[in-house]
Amino acid sequence: MPAIILNGTEIRKEILAEIRQEVEAIKAAHGVVPGLVTILVGSNPASLSYVSLKVKTAHSLGFKEIQDNQPEDISEAALLGLLDQYRRDETIHGILVQLPLPPHIDEKLVLNAIDPDKDVDGFHPVNVGRLVIGGSEVKFPPCTPAGIQEMIRRSGVETRGAEVVVVGRSNIVGKPIANMLLQKGSGANATVTVVHTATRNLAAHCQRADILIVAAGVPGLVKPEWIKPGACVIDVGVNRVGETVSPTTGKTVAILRGDVDFEEASKIAGFITPVPGGVGPMTIAMLMRNTLNSLKFKLQI
Ligand code: NAP
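Residues numbered from 1 in each chain as written. Predicted model: local features only at pLDDT ≥ 70, side-chain atom pairs only at ≥ 80, totals over all residues. Heavy atoms only, no water.

Caption draft 1: Quick peek at the overall build of the protein chain. Helix and strand content of the protein chain: 10 helices and 11 strands. Against the 2.2 N^0.38 benchmark of 19 Å for 301 residues, the protein chain shows a C-alpha radius of gyration of 20 Å, consistent with a compact globule. Overall, the C-alpha framework of the protein chain stretches about 55 × 45 × 40 Å when taken along its three principal axes. Across the protein chain, every contact between residues at least 6 apart in sequence was considered, and the portion connecting residues at least 24 apart equals 70%. For the protein chain, the exposed surface amounts to about 14600 Å²; the carbon and sulfur share of it is 55%. Of the charged side chains in the protein chain, 30 are positive and 31 negative; the average position of the first set lies 3 Å away from that of the second. (Helix = DSSP H or I, 4+ residues; strand = E, 2+ residues; numbered from the N terminus. Rg over C-alpha atoms; globule rule 2.2 N^0.38 Å. Contact = heavy atoms within 4.5 Å. Areas by Shrake-Rupley, 256 points an atom, 1.4 Å probe, with all protein chains shown as cover. Lys, Arg positive; Asp, Glu negative; His and termini not counted. Charge placed at Lys NZ, Arg CZ, Asp CG, Glu CD.)

Here it is as structure tokens:
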């Protein structure tokens, strides 16, 4: 039987509808809405398009949203000053700084200066620590891993006691999702193995995975014969493998492939995410949820 496709675009729609409802209820009961500021330095076209998508989504959910565009030559001190201003702003619950920053600005210094209680990307060391401790300590799980966990949860796949293999140990995907799934609690409680470039027998590890999460950034890395029949395969990889002309818009667009051979793998897996349209769309939904949760933490509801 072919695998059930986990459609990230559809799941995102459901989550955004849930958030919209909650925002309306909080506004009616407490007279406040979540506030999200996105700081963009310079005018890199890719960054501009990511920022406008975040701002548009926040707006569509009834959030207060600010797109704070700063000139390319803003000083590091001025940017830090801005972060302090938003830290003190009671109407703002989430602060994002779009990367990359210009070379004269120390990216790490800036990201670590974001108030951890408004760090809705979840990359501040305080939030990484909270994630590792787990339970009620967790405030802002990073958005892509949170999207992965949510997809698994909504698929109905049992995580308790499951063998999970995570391919990749980056700070933005591999390490956080491994930490999240090994916590004691619902949607987790798995036995987690993390594999990487120094792993001796990648295939053997993947073959025993009930849930296989692949975030390597290597197109077609995972071969169909590495997949356990019926497994849940989450392909995080987004790899540009060429270009084509879109038949609808006539524009040149990138051809994207995941880290898993989708066609063949979907004949063996029980559940699988496509690329594009799988994990990708989930990230922004989780960002919005983190921002809503930030307001809820403040209201203690
Ligand atoms: P990254 O920082 O480059 O990390 C890749 C990880 O995969 C590293 O830990 C690396 O091992 C491991 N790896 C690479 N080649 C391998 C191989 N042949 N065998 C075993 N392990 C291997 O990448 P990332 O930022 O985590 O992103 C991974 C992929 O996910 C990329 O395609 C990225 O575009 C995509 N992504 C998608 C989303 C989204 O959809 N929202 C978000 C984030 C990332 P070492 O540590 O040993 O080098």
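Caption draft 2: Representation of the site of the ligand. In the neighbourhood of the ligand, 20 residues make up the surrounding shell, with Arg169, Ser170, Thr197, Val238 and Thr283 lying closest. Residue Val238 places a main-chain N or O atom 3.0 Å away from an oxygen atom belonging to the ligand. Thr283 is positioned such that a nitrogen or oxygen atom in its side chain is 2.9 Å from a nitrogen atom of the ligand. Out of a free accessible area of 930 Å², the ligand has 69% covered by protein chains. In terms of residue class, the shell around the ligand is built from nine nonpolar, 10 polar and one charged. (Near = heavy atom within 4 Å. Polar contact = N/O pair within 3.5 Å; in protein donor to acceptor, adjacent residues only side chain to side chain. Nonpolar A, V, L, I, M, F, W, Y, C, P; charged D, E, K, R; others polar.)

Caption draft 3: Region of interest: the nonpolar core. Core analysis: the biggest nonpolar cluster contains 46 residues, and Ile19, Ile148, Ile213, Ile234 and Met288 have the highest contact counts within it. For this core, the elements supplying multiple residues, two or more each, are α1 (8-30), α6 (143-155), β5 (163-167), α7 (174-182), β7 (211-214), β8 (232-235) and α10 (282-299). The element contributing the most residues to this core is α10, with eight residues. Setting aside anything within four residues of it in sequence, one finds Ile234 in contact with Leu6, Ile148, Ile152, Leu212, Ile213, Val214, Thr273 and Val279. Residues Ala3, Cys206, Val222 and Ile272 belong to the second largest nonpolar core, which totals 19 residues. (Core = buried A, V, L, I, M, F, W, Y, C linked by side-chain atoms within 4.5 Å. Buried < 20%, exposed > 50% of the residue type's maximum accessible area, 1.4 Å probe, protein only.)

Caption draft 4: Spatial organisation of the sheet that holds strand β4 (residues 94-97). Taken in spatial order, the three strands make up an open sheet running β3-β2-β4, and their pairing is parallel. Looking at strand neighbours, the two that pair on one side only are β3 (64-70) and β4, the edges of this open sheet. Here the average twist between neighbouring strands, direction ignored, is 15°. Sheet topology places strand β2 (residues 35-41) next to β4; four bridges connect them, and they run parallel. Bridge assignment links Val37 to a residue of β4, and that residue is Ile95. (Pairing = 2+ DSSP bridges. Axes fitted to C-alpha atoms, helices over the stretch in contact; angles between N-to-C directions.)

Caption draft 5: Focus on the packing of α1 against α10. Contact pair α1 / α10: the axes reach a minimum separation of 9 Å and the direction vectors enclose 20°. When the axis of α1 is compared with that of α10, the two are roughly parallel. Read as a crossing pair, α1 and α10 show a hand that is left-handed. On α10, the residues touching Gly8, Ile11, Arg12, Ile15, Leu16, Ile19, Glu22, Val23, Ile26 and His30 of α1 are Met282, Ile284, Ala285, Met286, Met288, Arg289, Leu292, Leu295, Lys296 and Leu299. Of the residues belonging to the contact of α1 with α10, the class tally is 14 nonpolar, two polar and four charged. (Parallel < 35°, antiparallel > 145°, perpendicular 65-115°, else oblique. Left-handed = near helix turned anticlockwise from the far one by under 90°.)

Caption draft 6: Inspection of the layout of surface pockets at higher detail. Approximately 1500 Å³ is the volume found for the largest pocket. Lining the largest pocket are 43 residues, and of these Tyr50, Lys54, Thr144, Gly280 and Thr283 sit closest to its centre. If you tally residues by element for the lining of the largest pocket, the top one is helix α2 (residues 45-60), at four residues. For the lining of the largest pocket, the per-class residue count stands at 26 nonpolar, 11 polar and six charged. Roughly 410 Å³ of internal volume is contained in the second largest pocket. Along its surface, the second largest pocket is lined by 21 residues, and Val138, Pro141, Gln149, Arg153 and Met180 are the ones closest to its centre. The set of elements that each furnish at least two residues to the lining of the second largest pocket consists of α6 and α10. With five residues, the top contributor of residues to the lining of the second largest pocket is α10. Tallied by class, the residues present in the lining of the second largest pocket amount to eight nonpolar, eight polar and five charged. (1 Å grid on protein atoms, 1.4 Å probe; cavity = no way out; pocket = protein on both sides within 12 Å on 5 of 7 lines; lining within 4 Å. Points joined across faces, edges and corners; volume = space filled by probe spheres on them.)

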